[in-house]
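Coordinate analysis (summary)
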Amino acid sequence: MKKLKEERTKLKNFGMNWPESVISEELLYLKITPDSSLEELRSIGSCYVGISLRNRFFHGNVFPRLLAWIDQNFERCLFVLGDYIERFNYMLFDNCQSSDAGLLALAAGQEFMSKIKPSLTSLGGPKFSIALWREILQTKEFMRSEQHVKRLYLNNDAFKTSLQGTAQTYLKRQTLRNRKFSVSSTEALQLCSEYLLEEIAV
């Protein structure tokens, strides 16, 4: 356990940017799990994985290995495909209006699904289930959660400050990576804040 904690610290300090070629089984485990032992996680029996379409971890050779690892260690797993939430990124980086951004995000999600379906079917079959982002947004549970989160954002200064701080950190990180925004700094902060509010509510 001590060794895992040490490796997890190294991984965080490295910025989670390990190249695919050096991601071992242990590093794969460290990248995707909370601060718990594998035995603790297995005892739960199920897992949840949120998929970000712009995260390279979910593309290439690593993701099939993740599926195989889950198949070996859990009885069932829910994947939440963050497709529709990508509309915020299309507005932020690609100069898209809201309606066009939504269509592009859904198309990107469909493309991703077509690529991973064979792996899902061949490995886990029924034990793997997928929830699409826009479908979640249409549920009563999400609507209640969204109202609560937005009310908290409007009425709790500490929560609002913390969320906007997270948004600003993300924007600074993109600037350091020389990514160009297609909106003003004020609009960029607003889009990032809306992204986080929706993500938290889900």
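Notes on the structure in this doc start here. (Residues numbered from 1 in each chain as written. Predicted model: local features only at pLDDT ≥ 70, side-chain atom pairs only at ≥ 80, totals over all residues. Heavy atoms only, no water.)

1. Overview of the overall build of the protein chain
As a reminder, the rule being used: Numbering of helices and strands runs from the N terminus; a helix is a DSSP stretch of H or I covering at least four residues, while a strand is a stretch of E covering at least two. The rule is simple: take the accessible area with a 1.4 Å probe, protein chains only, and divide by the maximum for that residue type; under 20% is buried, over 50% is exposed, in between is partly exposed. Contacts are assigned to residue pairs with any non-hydrogen atoms lying within 4.5 Å of each other. For accessible areas, the Shrake-Rupley method is used with a probe of radius 1.4 Å. Any residue's cover is judged against the shown protein chains and nothing else.
Broken down by element type, the protein chain carries ten helices and three strands. Out of the 202 residues in the protein chain, the part that is buried amounts to 40%. Counting contacts in the protein chain only where the partners sit at least 6 residues apart, residues at least 24 apart contribute 71% of the total. Counting every atom, the protein chain has about 12,100 Å² of accessible surface; 52% of that belongs to carbon and sulfur.

2. A word on the packing of helix 8 (residues 140-155) against helix 9 (residues 157-176)
Filter applied, for reference: Between N-to-C directions, angles cover 0 to 180 degrees, with each direction set by a line fitted to C-alpha atoms, over the stretch in contact for helices. Oblique is the label for any angle not covered by the other classes, which are roughly parallel (under 35 degrees), roughly antiparallel (over 145) and roughly perpendicular (65 to 115). Lys, Arg, Asp and Glu make up the charged group, whereas Ala, Val, Leu, Ile, Met, Phe, Trp, Tyr, Cys and Pro make up the nonpolar group; the residues left over, Gly among them, are polar.
Contact geometry of helix 8 with helix 9 gives a least axis separation of 5 Å together with a crossing angle of 100°. The pairing of helix 8 with helix 9 is recorded here as roughly perpendicular in orientation. Facing Val149, Leu152, Tyr153 and Asn155 of helix 8, the residues of helix 9 in contact are Asp157, Phe159, Lys160, Leu163 and Gln164. The residue inventory of the contact of helix 8 with helix 9, partitioned by class, reads five nonpolar, two polar and two charged.

3. Examining unusual backbone geometry
Phi is positive for asparagine 95, close to 55°, though the residue is something other than glycine. Tracing the sequence through the fold places asparagine 95 in the loop between helix 5 (87-93) and helix 6 (98-123). By relative accessible area, asparagine 95 is classed as exposed at 57%.

4. Brief notes about the pattern of salt bridges
Condition: Criterion for a salt bridge: a side-chain nitrogen of Lys or Arg within 4 Å of a carboxyl oxygen of Asp or Glu.
This structure, assessed with the given rule, holds seven salt bridges. Each of the salt bridges in this network shares a partner with another, and the network as a whole consists of Arg54, Glu86 and Asp94.

5. Some words on the side chain of asparagine 73
Threshold: Pairs of N or O atoms within 3.5 Å make up the polar contacts considered here, provided that, within protein, one atom can donate a hydrogen while the other can accept it, and that residues adjacent in sequence are counted only when both atoms are side-chain atoms.
Residue placement: asparagine 73 occurs in helix 4 (residues 62-73). A polar contact is formed between the side chain of asparagine 73 and the backbone oxygen of tryptophan 69, at a distance of 2.7 Å.

6. Structural notes on the side chain of aspartate 83
Put simply, the test is: When charges are counted, Lys and Arg are positive and Asp and Glu negative, with His and the chain ends excluded.
Following the sequence through the fold, aspartate 83 ends up in the loop between strand 2 (76-82) and helix 5. Although aspartate 83 lies buried, it forms no salt bridge, and the closest oppositely charged side chain, arginine 134, sits 7.3 Å away as judged by the N-O distance. Beyond its immediate sequence surroundings of up to four residues, aspartate 83 is in contact with Leu53, Ala105, Leu106, Gly109, Leu132, Trp133 and Arg134.

7. With respect to the sheet that holds strand 1 (residues 46-52)
In plain terms, the rule: By the convention used here, strands pair only if DSSP detects at least 2 bridges between them.
What the three strands build is an open sheet, ordered 1-2-3; its pairing is parallel. With partners counted over all chains shown, the strands left at the sheet margins are strand 1 and strand 3 (128-132), one partner each. Neighbour to neighbour, the strand axes of the sheet diverge by 20° on average, direction disregarded. Relative to strand 2, strand 1 is paired through seven bridges, and the arrangement is parallel. Paired with tyrosine 48 across the two strands is leucine 78, which belongs to strand 2.

So far we have only geometry, and geometry alone does not tell us how the molecule works.
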